[in-house]
Amino acid sequence: MAYQPKKRKMTAEINVVPYIDVMLVLLIIFMVTAPFVTQGVDVELPTTQTAKTVADLSSDNSGAPIIVEVDQDGNLGLSVDNGDMLRGLALNDLLTRVKAELQLNPKSLVMVGGDGRVPYSFIIETLDALSQAGVGSVGLMTEPLDQ
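All residue numbers refer to position in the chain's written sequence, counted from 1. pLDDT decides what is reported in this predicted model: residues at 70 or higher carry local features, side-chain atom pairs at 80 or more are listed and counted, and totals for whole chains, interfaces and linings draw on all residues regardless. The side-chain numbers reported here are obtained from all heavy atoms of the structure, hydrogens and water having been left aside.

## Quick look at the overall build of the protein chain
Part 1 of the argument: Within the protein chain, the regular secondary structure consists of 4 helices and 7 strands.
Part 2 of the argument: Numbering of helices and strands starts at the N terminus; helices are DSSP runs of H or I of at least 4 residues and strands are runs of E of at least 2. Helices and strands appear in the protein chain in the N-to-C order α-β-α-β-β-β-α-β-α-β-β.
Part 3 of the argument: The buried label applies to any residue whose accessible area, calculated with a 1.4 Å probe on protein chains only, is under 20% of its type's maximum; exposed applies above 50%, and partly exposed to all values in between. Here the protein chain holds 147 residues, and the buried ones make up 25% of them.
Part 4 of the argument: Accessible surface for the protein chain amounts to roughly 11,100 Å². Of this, 56% is attributable to carbon and sulfur atoms. For accessible areas, the Shrake-Rupley method is used with a probe of radius 1.4 Å. Any residue's cover is judged against the shown protein chains and nothing else.

Next up, the structure:
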């Protein structure tokens, strides 16, 4: 009897172990770098004793908060529903976006936060522009006073 080699069947399989290793490394990199990503404009809000949190105000209303921030240089930022802060907006762009958000959800709170070091005129100009754009009620943001 002559020796006959066994016929091997070809299989097409992808080895996924290297891909899993790469994904785990990427996950670790994103987890380590996530705390260093800034999410807003740096402002030092004035402090008060009777300040309410945005979460407290949002629970009273069903709308998502619209936050307009003015930094110490007078630059404007906008955040909708605690999303990423859009920085460096022109006043007309800011007003267009706020009006669009209010048309989508009329019960949204509009809050203006100004850096404690910003000239008062920047805050007044922003409040006046929001009023002229048809925003009926605007809240001013502060920090709770440390006791």
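## Observations regarding the sheet that holds strand β5 (residues 110-114)
Part 1 of the argument: The pairing criterion is simple: DSSP has to find at least two bridges between the two strands. Strand order in the open sheet made by the 5 strands is β4-β3-β2-β5-β6, with mixed pairing throughout. The open sheet is flanked by β4 (86-89) and β6 (138-140), the only strands paired with a single partner. Strand after strand, the sheet turns through a mean of 25° between neighbouring axes, direction not considered.
Part 2 of the argument: Here strand β2 (residues 66-70) runs beside strand β3 (residues 76-80); their pairing, made up of 5 bridges, is antiparallel. Across the sheet, residue Ile 67 finds its bridge partner in β3, namely Ser 79. What counts as an axis is a line fitted to C-alpha atoms, over the stretch in contact for a helix, and the angles between N-to-C directions run from 0 to 180 degrees.

## Description of the nonpolar core
Part 1 of the argument: To form a nonpolar core, buried Ala, Val, Leu, Ile, Met, Phe, Trp, Tyr and Cys residues must be joined to one another through side-chain atoms within 4.5 Å. Ranked by size, the top nonpolar core spans 17 residues in total, and within it Leu 78, Leu 94, Val 98, Val 110 and Leu 130 carry the most contacts.
Part 2 of the argument: Residue assignment for this core shows that the elements contributing at least two residues are β2, β3, α3 (91-104), β5 and α4 (120-132).
Part 3 of the argument: Should any heavy atoms of two residues lie within 4.5 Å, those residues are considered in contact. Setting aside chain neighbours within four positions, we find Val 110 in contact with Ile 66, Val 98, Leu 102, Leu 130, Val 135, Ser 137, Val 138 and Gly 139.

## Topic: the side chain of Ser 108
Part 1 of the argument: Inspection of the secondary structure puts Ser 108 in the loop between α3 and β5.
Part 2 of the argument: Its relative accessible area of 12% is what places Ser 108 among the buried residues.
Part 3 of the argument: Within the structure, the side chain of Ser 108 is placed 3.0 Å from the backbone oxygen of Asn 105, a separation counted as a polar contact. For this analysis, a polar contact is any N or O atom pair within 3.5 Å, provided that within protein one partner can donate a hydrogen and the other can accept it, and provided that sequence-adjacent residues contribute only side-chain to side-chain pairs.

## Some details on α4
Part 1 of the argument: Look at α4: 18 Å from first C-alpha to last across 13 residues, which is about the 18 Å you get at 1.5 Å a residue.
Part 2 of the argument: Along α4, the residues classified as buried are Ile 123, Thr 126, Ala 129 and Leu 130. Along the axis of α4, the buried residues cluster in a sector spanning 130°; they form a single face. The outward face of α4, more than 90 degrees from its buried face, is lined by the exposed residues Tyr 120 and Gln 132.
Part 3 of the argument: Here the buried face of α4 lies against β2, β3, α3, β5 and β6. Every helix has an expected span of 1.5 Å times one less than the residues it contains. It is the directions from the helix axis to the C-beta atoms whose arc is reported.

## Here we look at a nonpolar patch on the surface
Part 1 of the argument: A surface patch of nonpolar side chains, amounting to about 750 Å² of accessible area, comprises Ile 14, Val 16, Tyr 19, Ile 20, Leu 24, Leu 27 and Met 31.
Part 2 of the argument: When you line up the elements, Ile 14 lands in the segment before α1 (17-33). Candidates for patches are residues over 30% relative accessible area with no salt bridge; among them, like charges are joined within 9 Å and nonpolar side chains (Val, Leu, Ile, Met, Phe, Trp, Tyr) within 5 Å. What makes a salt bridge here is a side-chain nitrogen of Lys or Arg within 4 Å of a carboxyl oxygen of Asp or Glu, nothing more.

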